[in-house]
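Given next are the chains, with one letter for each unit.
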Amino acid sequence: MTLPLLIGVFYNAISLLTLPFSGPTLTDVLTRIDEQAATSGLPPIQLSPDQLQWVLWLSFAITAILILWLYFTRRALLEGRSWGRVSAIVIGVFSLLIFPIGTVLGIVMLIGAFDKQVVAWTRH
């Protein structure tokens, strides 16, 4: 059950490392959306450079918090703490929404969280 959490930590750490380079990609995506919006009559999406910087910083903070949550949940499970199992169940349910890799990891986490040995290990 701790392996999916470890995979999640590494996956999010890699995404955190690539975040500083995603500014130009985000600008290109917004430009394409604006081009499509112009043909459909929708108003364009305008983000100033300051707003784009805030979006990237907010993404950085959320990803860093997620990495810490995954790390401390894994650590609590290894120590046999009951809140670690509950936290792993919450993470597993949220992971089901991230198709396809997150869905597989979420299913594995949920199966592991309700395993008899895991329940017995995290009773104290």
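Residues numbered from 1 in each chain as written. Predicted model: local features only at pLDDT ≥ 70, side-chain atom pairs only at ≥ 80, totals over all residues. Heavy atoms only, no water.

Where an unreviewed UniProt entry is consulted, the protein appears under the name DUF4064 domain-containing protein, with the organism given as Deinococcus humi.

Our next topic: the overall build of the protein. Looking only at helices and strands, one finds 6 helices and 0 strands in the protein. Listed N to C, the secondary structure of the protein is α-α-α-α-α-α in terms of helices and strands. Computed over C-alpha atoms, the radius of gyration of the protein comes to 19 Å, more than 25% over the 14 Å expected from 2.2 N^0.38 for 124 residues, which places it beyond the range of a compact globule. Scored against the burial criterion, the 124 residues of the protein give a buried share of 31%. Taking as baseline every contact in the protein between residues at least 6 positions apart, the subset at least 24 positions apart corresponds to 62%. Only carbon and sulfur atoms are counted for the fraction: they give 73% of the accessible area of the protein, which is about 8700 Å². Taken as two groups, the 7 positive and 6 negative side-chain charges of the protein have centres that lie 25 Å from each other. (Helix = DSSP H or I, 4+ residues; strand = E, 2+ residues; numbered from the N terminus. Rg over C-alpha atoms; globule rule 2.2 N^0.38 Å. Buried < 20%, exposed > 50% of the residue type's maximum accessible area, 1.4 Å probe, protein only. Contact = heavy atoms within 4.5 Å. Areas by Shrake-Rupley, 256 points an atom, 1.4 Å probe, with all protein chains shown as cover. Lys, Arg positive; Asp, Glu negative; His and termini not counted. Charge placed at Lys NZ, Arg CZ, Asp CG, Glu CD.)

This brings us to a nonpolar patch on the surface. A grouping of Leu66, Trp69, Val86, Val90, Phe94, Leu97 and Ile98 is seen on the molecular surface, where their side chains present a nonpolar patch of about 660 Å² in accessible area. Among the secondary structure elements, those contributing two or more residues to the nonpolar patch are helix H3 (49–79) and helix H4 (82–95). Here the nonpolar patch takes 3 residues from H4, the largest share from any one element. With respect to the element layout, Val86 can be found in helix H4. (Patch = residues over 30% accessible without salt bridge, like charges linked within 9 Å, V, L, I, M, F, W, Y side chains within 5 Å. Salt bridge = Lys/Arg side-chain N within 4 Å of Asp/Glu carboxyl O.)

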